[in-house]
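# Fold and contact review
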Amino acid sequence: MSVTKAHGFRAAGVTAGLKASGKPDLALLVNDGPDHHAAAVFTSNRVAAAPVHWSRQVLADGRVDAVVLNSGGANACTGPQGFQNTHTTAEKAADVLGLSATDIAVCSTGLIGEQLPMDKILPGVEAAAAALADDGGAAAAGAIMTTDTVRKEAAWTSAPNADGGTYTIGGMAKGAGMLAPGLATMLVVITTDAEVGADGLDAALRDAVAVTFNRADSDGCMSTNDTVLLLASGATGLYPDMDEFTRGLTEVCATLARALIADAEGANHDIAVTTLNAASERDAEIVSRAVARSNLFKTAIFGKDPNWGRVLSAVGTTDAQFDPDELNVSINGVQVCRRGGIGDSRDLVDLQAREVTVEIDLRAGDATATIWTNDLTHAYVEENSAYSS
């Protein structure tokens, strides 16, 4: 269940001293090959962090040999010095690993607007290189945590082929806040030991991200550092059926995306907002997202109040096709709104459990989309009001 479950990868997580807590804060992942194909998607936030700019350049040729990741500092809005620090980090990793800096991606997460302490980063890279292990995925996943309370890991193994061979897809993620889509969500590294070229990886990754990470929307806030990397070692020598590969990759991404929502800062409820019978998948997605981003709706769920009026109010702000007098809304299986009006009693809705399901029937087509979000709590406000202190 980790990023090193796939053959051909080693990883490590160490304490470089970036966090005042003394917890692990620097991870390193190395692809030992024989292939070094890679693909990635990055934040669409125009205020992108230095490591995003660097890693975009690295991915231009579809090759990544290693990834350095640090928590304890985002290296965003840090100017030319911040970019130079990212470059220096890659050069250090290249030196200790015997690789080229232009084949090393860099990811950072933490507070925006502060330079990284390079006197700690560079020795940390050396320490991580010395600690690399075939089973180091869990340590790496722990080292990229910020406000996360648990490691996020997932793995999937294909069915045996005619010769009994299988391939694996493994991954790790971090994120508990600023979860909103922009081609990616937070920091994610996924590995596979299948033989897939860069173009195939790119197509599969974009398909998987579109219905997983891009549909996890905790608080509507898009990070400056969001990165999802997919690396292939080809260590099994197996060429997968790409439909099967994409399904497996989507399963890994979905597991990680749900883990991000489940660990959302201060949340008491995980909420699946599903729009049914929309005229298009685009309509279904924008309706579900409008509800998922409604602070009135999110606070109502926190208060265990099945206030379906807040759902309809959010639906009405979209340009999706629907007749307001045909809308149905169900919360945890109780149809509280029927044909745009009063349905079953809201008193029948039980919101004690962690998971909440909201279904919005537009009665306008046959498309469906689900957005995962969480409630808005006192704890979220308290945690984020003190984040930089």
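Whatever comes next refers back to the structure up there.
Keep in mind it's a predicted model, so treat the numbers as computed, not measured. (Residues numbered from 1 in each chain as written. Predicted model: local features only at pLDDT ≥ 70, side-chain atom pairs only at ≥ 80, totals over all residues. Heavy atoms only, no water.)

### Some words on the packing of aromatic side chains
In this description, an aromatic ring pair is defined by two values, namely the gap between the centres and the angle between the planes. Keep this limit in mind: Any two of the Phe, Tyr and Trp rings considered here, Trp counted by its six-membered ring, make a pair once their centres fall within 6.5 Å; the pair's planes then place it as stacked at under 30 degrees, edge-to-face at over 60, or tilted in between. Here, over-ring charges are defined by two tests on the NZ atom of lysine or the CZ atom of arginine: distance to the ring centre within 6 Å, and angle to the ring normal within 35 degrees.
Applying the stated rule across the entire model yields three aromatic pairs. Three or more aromatic residues joined by ring pairs make a cluster, and in this case those are Trp-156, Tyr-167 and Phe-245. The cationic tip of Arg-258 hangs over the ring face of Trp-372; the distance from NZ or CZ to the ring centre is 3.7 Å.

### Structural notes on the sheet that holds strand β12 (residues 334-338)
Stated formally: Pairing between strands is defined by DSSP: at least two bridges between them are needed. Runs of H or I in DSSP of at least four residues are treated as helices and runs of E of at least two as strands, each being numbered from the N terminus. Should any heavy atoms of two residues lie within 4.5 Å, those residues are considered in contact. Axis geometry follows a simple rule: fit a line to the C-alpha atoms, using only the stretch in contact for helices, then measure angles between N-to-C directions, giving values from 0 to 180 degrees.
Pairing is mixed across the open sheet formed by six strands, whose spatial order is β13-β12-β11-β14-β10-β15. Two strands close off the open sheet at either side, each with one partner strand: β13 (341-342) and β15 (367-374). Bridging between strand β11 (residues 328-331) and β12 involves three bridges; their strand directions are antiparallel. Looking at the pairing, Val-329 lines up with Cys-337 of β12. The sheet strands contacting helix α8 (residues 295-302) are β10 (270-278), β14 (355-361) and β15, and the helix crosses β10 at an angle near 125 degrees. Of the strands in this sheet, β11, β12, β13 and β14 are in contact with helix α9 (residues 308-315), which crosses β11 at around 135 degrees.

### Points about the environment of Thr-373
Defined as follows: We call two N or O atoms a polar contact when they sit within 3.5 Å, provided that within protein one can donate a hydrogen and the other can accept it, with sequence-adjacent residues counted only if both atoms are side-chain atoms.
For Thr-373, the location among the structural elements is in strand β15. The spatial distance from the C-alpha of Thr-373 to the C-alpha of Lys-298 is 8.7 Å, given a sequence separation of 75 residues. Filtering out sequence-adjacent residues up to four positions away, Thr-373 remains in contact with Asp-217, Ser-218, Ile-261, His-269, Asp-270, Ile-271, Val-273, Ala-292 and Lys-298. A polar contact of 2.9 Å, which involves the side chain of Thr-373, links it to the side chain of Lys-298.

### Topic: the sheet that holds strand β3 (residues 37-42)
In any sheet, the strands associate via hydrogen bonds between backbone groups, in a parallel or an antiparallel arrangement. Strand order in the open sheet made by the five strands is β3-β9-β8-β7-β6, with mixed pairing throughout. Because the sheet does not close on itself, it has two edges, and the strands there are β3 and β6 (152-157). Going across the sheet, the axis of each strand differs from the next one's by a mean of 10 degrees, ignoring polarity. As defined by bridge partners, strand β8 (residues 187-192) adjoins strand β9 (residues 227-232) across six bridges and the pair is classed as parallel.

### What to know about helix α2 (residues 79-97)
Threshold: Given the number of residues in a helix, its expected span is that number minus one, multiplied by 1.5 Å. Per-residue accessibility, obtained with a 1.4 Å probe over protein chains only, is compared with the maximum for each type, and a residue is labelled buried under 20%, exposed over 50%, and partly exposed between these values.
Taking 1.5 Å per residue, 19 residues should reach 27 Å; α2 reaches 28 Å between its end C-alpha atoms and fits that length. Of the residues making up α2, those classed as buried are Gly-82, Asn-85, Thr-86, Thr-89, Ala-90, Lys-92, Ala-93 and Ala-94. Where α2 ends, the next residue or the one after it, Gly-98, has phi of about 70 degrees, a positive value.

### A word on the pattern of salt bridges
The following threshold applies: Here a salt bridge means any side-chain nitrogen of Lys or Arg lying within 4 Å of a carboxyl oxygen belonging to Asp or Glu.
A complete count under the given rule lists 21 salt bridges for this structure. For Asp-148, the salt bridge goes to Lys-152, with nearest N and O atoms at 2.6 Å. For the salt bridge of Asp-283 with Arg-282, the shortest nitrogen-to-oxygen distance reads 3.1 Å. Residue Arg-282 is classed as partly exposed on the basis of its relative accessible area, which comes to 44%.

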